[in-house]
Amino acid sequence: ATASGNKVATHKTGTGVTTAYFGSVNLYGVLSGELVNCGSMGTATMADNGTFRTWQYTVANPVSGDDCYGASTWYVGGVKGNAVLLSVIF
């Protein structure tokens, strides 16, 4: 999702989960048909509504000079160990 000039990725868990599943989360953009790693989305913030927990990662939209500036298609990749799970387009 995009909110207030930021790219925001959220994953939802049960309330029994005490730490984020992914060790890190990266933003990816598609430029000229190539998937480009735009970098880390930072540390997750957690919210608990009593039914589930959400882990939210936020990064500023790329600006001129950034690796992913001009990408029109976006993915999020959650890194766990040596594996990356890519999201659908967001």
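In what follows, the structure referred to is the one given above.
Residues numbered from 1 in each chain as written. Predicted model: local features only at pLDDT ≥ 70, side-chain atom pairs only at ≥ 80, totals over all residues. Heavy atoms only, no water.

## Description of the overall build of the protein
So, step 1. Looking only at helices and strands, the protein features 0 helices and 8 strands.
So, step 2. Secondary structure elements in the protein, listed N-terminal to C-terminal, are β-β-β-β-β-β-β-β.
So, step 3. In terms of overall dimensions, the protein has a C-alpha envelope of 40 × 30 × 20 Å along the principal axes.
So, step 4. Residues counted as buried form 26% of the 90 residues belonging to the protein.
So, step 5. Here the contacts in the protein between residues at least 6 apart in sequence split such that 60% fall between residues at least 24 apart.
So, step 6. Carbon together with sulfur atoms contributes 53% to the accessible area of the protein, which is approximately 5,400 Å² in total.
So, step 7. Across the protein, the mean location of the 4 positive side-chain charges is 16 Å away from that of the 4 negative side-chain charges. (Helix = DSSP H or I, 4+ residues; strand = E, 2+ residues; numbered from the N terminus. Buried < 20%, exposed > 50% of the residue type's maximum accessible area, 1.4 Å probe, protein only. Contact = heavy atoms within 4.5 Å. Areas by Shrake-Rupley, 256 points an atom, 1.4 Å probe, with all protein chains shown as cover. Lys, Arg positive; Asp, Glu negative; His and termini not counted. Charge placed at Lys NZ, Arg CZ, Asp CG, Glu CD.)

## Description of the side chain of Arg 53
So, step 1. Looking at the element boundaries, Arg 53 is found in strand E6 (residues 52-60).
So, step 2. The buried category is assigned to Arg 53, whose relative accessible area is 15%.
So, step 3. Within polar-contact distance, the side chain of Arg 53 engages the backbone oxygen of Thr 15 at 3.1 Å.
So, step 4. Discounting chain neighbours no more than four positions away, the residues touching Arg 53 are His 11, Lys 12, Thr 13, Gly 14, Thr 15, Gly 16, Val 17, Thr 18, Met 46, Ala 47 and Asp 48. (Polar contact = N/O pair within 3.5 Å; in protein donor to acceptor, adjacent residues only side chain to side chain.)

## Focus on the nonpolar core
So, step 1. Ranked by size, the top nonpolar core spans 11 residues in total: Ala 9, Phe 22, Val 25, Leu 27, Met 41, Trp 55, Tyr 57, Cys 68, Ala 71, Trp 74 and Val 76.
So, step 2. When residues of this core are traced back to their parent elements, those giving at least two are strand E3 (24-31), E6 and strand E7 (73-80). (Core = buried A, V, L, I, M, F, W, Y, C linked by side-chain atoms within 4.5 Å.)

## Focus on the pattern of salt bridges
So, step 1. Tallied over the entire structure, the rule returns 1 salt bridge.
So, step 2. Between Arg 53 and Asp 48 there is a salt bridge, and its shortest N-O distance comes to 2.8 Å.
So, step 3. Take Asp 48: its relative accessible area is 37%, and that puts it in the partly exposed class. (Salt bridge = Lys/Arg side-chain N within 4 Å of Asp/Glu carboxyl O.)

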